[in-house]
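# Fold and geometry: a report
Each chain, written out:
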Amino acid sequence: MSWTASHGFLALAADQRGASDGMRVVVQAAVTGLLVQRGHRVAETPYGNGVVVLTEGSAAGP
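This report concerns the structure included in the present document.

A tally of regular secondary structure across the protein gives two helices and two strands. Counting from the amino terminus, helix and strand elements in the protein follow one another as α-α-β-β. Sequence separation of at least 24 residues holds for 12% of the intrachain contacts in the protein that already meet a minimum separation of 6. Surface accessibility of the protein: about 4,800 Å² in total, with carbon and sulfur atoms responsible for 60%.

If you want it as structure tokens, here you go:
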């Protein structure tokens, strides 16, 4: 069994900081895209190595 990233996810991954770890970037882009599609608000962690799901009262800060 294998998984191939779509062109859309590869494009998202190319825009991410720290793209040295390609698979991590593709998976992070996929998870972020899915969360956003499901109506969640997300923010990247300060160093770009993760994603945080924001609650209603939270704000994405620097």
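By the bridge criterion, four bridges tie strand S1 (residues 41-44) to strand S2 (residues 51-54) in an arrangement that is antiparallel. Residue pairing for S2: Ala-43 is matched across the bridge by Val-52. The hairpin formed by S1 and S2 contains six residues between the paired strands, and Gly-48 there has a positive phi angle of roughly 75°.

On to the environment of Thr-32, then. Residue placement: Thr-32 occurs in helix H2 (residues 22-37). Sequence separation between Thr-32 and Val-53 is 21 residues, and the spatial gap between their C-alpha atoms is 9.0 Å. Not counting the four nearest positions on each side in its chain, Thr-32 is found in contact with Val-42 and Val-51. Within polar-contact distance, the side chain of Thr-32 engages the backbone oxygen of Gln-28 at 2.8 Å.

Calculation rules
- Residues numbered from 1 in each chain as written.
- Predicted model: local features only at pLDDT ≥ 70, side-chain atom pairs only at ≥ 80, totals over all residues.
- Heavy atoms only, no water.
- Helix = DSSP H or I, 4+ residues; strand = E, 2+ residues; numbered from the N terminus.
- Contact = heavy atoms within 4.5 Å.
- Areas by Shrake-Rupley, 256 points an atom, 1.4 Å probe, with all protein chains shown as cover.
- Pairing = 2+ DSSP bridges.
- Polar contact = N/O pair within 3.5 Å; in protein donor to acceptor, adjacent residues only side chain to side chain.

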